[in-house]
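Residue-level structural notes
One-letter residues, chain by chain:
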Amino acid sequence: MDRARLQRLLKPSVFVASLVPLAKVGIDAALGNLSANPIAEVMNRFGFWTLTLLLSSLAATPAKTLFGWTALLRVRKMLGLFAFFYATLHFSTYLALDQAFDLGDIGDDIVKRKFITVGFAAFVTLVPLALTSTDRAVKRLGFRRWKRLHRLVYLAAVLGVVHFVWRVKADYLEPALFAVTLVALLLSRLAPKRAVSTGTPRADSGEERAA
Amino acid sequence: MKQRPWAMRESEVTPESLYVRRREFLSLGAAGALGIAGSSLSFACDARAGDAPAPTFGNLKRANLAGDEKPTPFSDVSTYNNYYEFGTDKSDPAANAGAFHTRPWTVAIEGEINKPEVVDIDDLGRRFTLEERIYRMRCVEAWSMVIPWVGFPLAELIKRAEPTSNAKYVVFTTKLDPNEMPGQKRNVLDWPYVEGLRIDEAMNPLALLAVGLYGRTLPNQNGAPLRLVVPWKYGFKGVKAIVKIAFVKEQPKTTWNKMAPGEYGFYANVNPDVDHPRWSQAKERRIGEFFKRKTLPFNGYADQVAKLYAGMDLRKSF
């Protein structure tokens, strides 16, 4: 296949692949493969894919600055929106299935359980990013302001990973893998900047918006 | 202890309706979310108690101590387990415990007693009259089951061991064998797993040493060949694959309590008024049910056990 064709296939492929975890939940629900506690299982899966997609979107910049690989940049927005999609499913599962919309209990959880506090904060942080994901929003805000706003994604990712770390009882392997990955992704943004920077603080070329 | 009716036969504890309804509910829910026509999807697996291997214990005296609550299907009881010796995912024990050897097996009974011994598990089982006890089981993670255990009262074992006046606590230790218990190869917990009871708790008629469930030998993933069942406490007190029962003077350091003392108390009595720092304990999800139900003090066994804690501040001694 030629390069142009591959590029045309990139977005549809990523789109379909991002829906696979949801389809898997549907199939497993139909087959009764969601364990004895399906609500917890579904919530955990949606949370896992939220973090996975969010960190994937954060890999776009270092993929370009370190390896000159731009494919991820072109699907970064889609990955970010799918991260929000799974975050919404994760949060909705908690609200509707786990808590059956018991607002008193939900409020208690958010205030009293710190892992839920940060998880909720992570979700709230993602909302303005999802709302301003359109080209029109970029124009309306102006690129500078839009970009500053979208730096909130770092905060959301940190809160999301902390949410997972604090959720776990004893086996920190999975959340630790997310944490290490996130730290690596954040550090990778510092390295090239230092190398190139000659007094222009905004020389973070990798930060430009995907075309 | 108040006597309860125990006129329940195996056939009466088969709880398929709840189980099937749960599948339907989720199938429909997921189908709705995906925009698939739902009704044809609820064929699901029709697992129930009857799917388990044939009964290995004959007619047992039966005590239903879970009121009119239906036992959780065998297929759920035997596939959704916290048993970190075989992995930290709930499905790991069922996947990894199959090759675990529960014979030959000995249990060391030792410490502040007149009759210390190392006894073969089958000899131990023959000493006591096995009975079926249907208990609620409340996990500290706010889910619960109803399980028909087969076992014998811990008090019977303790009486035969003849504890001295120094025996204030009973300590149970799980087998340490990283080759057979692959989860022990990772330092997730401080192996081997240790749990303990105050001697008067251990003597309470509800405290059971289980060798089976649903009329069959314990599945490996449920703690074969011998496990503790203390239904008024959170599930992590129910130490599995016991190789040692020691009688000691001082309160033992128990596994989860060492791991996070602020989260897992030594007593670990089910208490809706004392939240776990990371989740409320006021409610629980009974496996197979959609809406959470209110958690009962001492998991509904207050009549039998509350007296053990008279005068104690259960918010401090949680």
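As the structure is a computational prediction, the values presented were derived from the model and not from experiment.

What follows is about the overall build of chain A. Of regular secondary structure, chain A possesses 10 helices and 0 strands. When the elements of chain A are put in sequence order from the N terminus, they spell out α-α-α-α-α-α-α-α-α-α. Counting the 211 residues in chain A, one finds 32% classified as buried. Sequence separation of 24 or more characterises 68% of the internal contacts of chain A that already satisfy a separation of 6 or more.

Membership of the largest hydrophobic core comes to 77 residues, with the highest contact counts inside it found for B:Tyr135, B:Ile147, B:Trp149, B:Val170, B:Ala210, B:Leu213 and B:Ile242. Sorting elements by how many residues they give to this core places strand β5 (residues 143–153) of chain B first, with 6 residues.

Okay, the sheet that holds strand β7 (residues 194–198) of chain B next. Residues and elements named next belong to chain B. What the 5 strands build is an open sheet, ordered β3-β2-β11-β6-β7; its pairing is mixed. The sheet is open, and its two edges are formed by β3 (117–120) and β7, each paired on a single side. Put simply, the sheet's adjacent strands are angled 15 degrees from each other on average, direction ignored. Looking at chain direction, strand β2 (residues 106–111) and strand β11 (residues 242–248) are connected through 4 bridges and run parallel. Of the residues in β11, the one forming a bridge with Ala-108 is Lys-244.

What follows covers the packing of helix α6 (residues 114–131) of chain A against helix α9 (residues 152–167) of chain A. Residue and element names in this part refer to chain A. The interhelical angle for the contact between α6 and α9, taken along N-to-C directions, is 155 degrees, at an axis separation of 8 Å. Classified by the angle between their axes, α6 and α9 sit roughly antiparallel to one another. Of the two possible hands of crossing, α6 and α9 adopt the one that is left-handed. When α6 is examined against α9, the residues Lys-114, Phe-115, Val-118, Gly-119, Ala-121, Ala-122, Thr-125, Leu-126 and Leu-129 are found in contact with a partner set consisting of Leu-152, Val-153, Leu-155, Ala-156, Leu-159, Gly-160, Val-162, His-163, Trp-166 and Arg-167.

Residues and elements named next belong to chain A. Contact geometry for helix α2 (residues 38–58) and helix α4 (residues 71–98): axes closest at 8 Å, N-to-C directions at 160 degrees. In terms of orientation, α2 lies roughly antiparallel with respect to α4. The element α2 and its partner α4 pack so that their crossing is left-handed. Each residue belonging to the contact of α2 with α4 can be placed in one class, and the counts come to 15 nonpolar, 7 polar and 2 charged.

Looking at chain A as a whole, its pLDDT mean stands at 91, while 90% of the residues score no less than 70. Per-residue pLDDT stays below 50 along residues 194–211 of chain A; that stretch engages in 14 contacts with residues further than four places along the chain or on separate chains.

Right, let's talk about the pairing of strand β4 (residues 131–138) of chain B for a bit. Regular strands have side chains that alternate between both faces of the sheet. Residue and element names in this part refer to chain B. With 7 of 8 residues buried, β4 lies mostly within the body of the structure. Pairing analysis gives 4 bridges linking strand β1 (residues 61–64) to β4, with the strands arranged parallel. When the sheet's bridge partners are listed, Asn-64 is paired in β4 with Ile-134. In the sheet, β4 pairs with β5 via 8 bridges, with the strands oriented antiparallel. Note on β5: the bridge partner recorded for Glu-131 is Gly-151. In this antiparallel pair of consecutive strands, β4 and β5, the connection spans 4 residues, and Ala-142 shows a positive phi of 70 degrees.

Here we come to the pairing of β7(B). All names here are of chain B. Counting buried positions along β7 gives 4 out of 5 residues, so the element sits mostly inside the fold. Pairing of strand β6 (residues 169–174) with β7, which is carried by 5 bridges, proceeds in the antiparallel orientation. Of the residues in β7, the one forming a bridge with Phe-172 is Glu-195.

This part is about the environment of B:Leu308. Residues and elements named next belong to chain B. Relative to the helices and strands, Leu-308 is located in the segment after α8 (302–305). Among the residues examined, Leu-308 registers 17 C-beta atoms within 10 Å and is labelled partly exposed. Each C-alpha atom, one on Leu-308 and one on Glu-201, is 6.9 Å from the other, the two residues being 107 residues apart in sequence. Dropping the residues within four chain positions of it, Leu-308 is found in contact with Asp-200, Glu-201 and Asn-204.

Residue and element names in this part refer to chain B. In this structure, Pro-192 follows Trp-191 across a cis peptide bond, with omega equal to -5 degrees. Within the element layout of this structure, Pro-192 appears in the loop between β6 and β7. The amide bond that connects Ala-224 to the next residue, Pro-225, takes the cis arrangement and shows omega of 0 degrees. By secondary structure assignment, the location of Pro-225 is in the loop between β9 (216–217) and β10 (227–229). Positive phi, normally seen in glycine, also occurs at Glu-162, with a value near 55 degrees. Looking at Glu-162, the number of C-beta atoms within 10 Å reads 13, which means it is partly exposed.

Conventions we followed
- Residues numbered from 1 in each chain as written.
- Chains lettered and ligands numbered in written order.
- Predicted model: local features only at pLDDT ≥ 70, side-chain atom pairs only at ≥ 80, totals over all residues.
- Helix = DSSP H or I, 4+ residues; strand = E, 2+ residues; numbered from the N terminus.
- Buried ≥ 20, exposed ≤ 12 C-beta atoms within 10 Å, placed from the backbone.
- Contact = placed C-beta atoms within 7 Å.
- Core = buried A, V, L, I, M, F, W, Y, C linked by C-beta atoms within 7 Å.
- Pairing = 2+ DSSP bridges.
- Axes fitted to C-alpha atoms, helices over the stretch in contact; angles between N-to-C directions.
- Parallel < 35°, antiparallel > 145°, perpendicular 65-115°, else oblique.
- Left-handed = near helix turned anticlockwise from the far one by under 90°.
- Nonpolar A, V, L, I, M, F, W, Y, C, P; charged D, E, K, R; others polar.
- pLDDT = per-residue confidence, 0-100.

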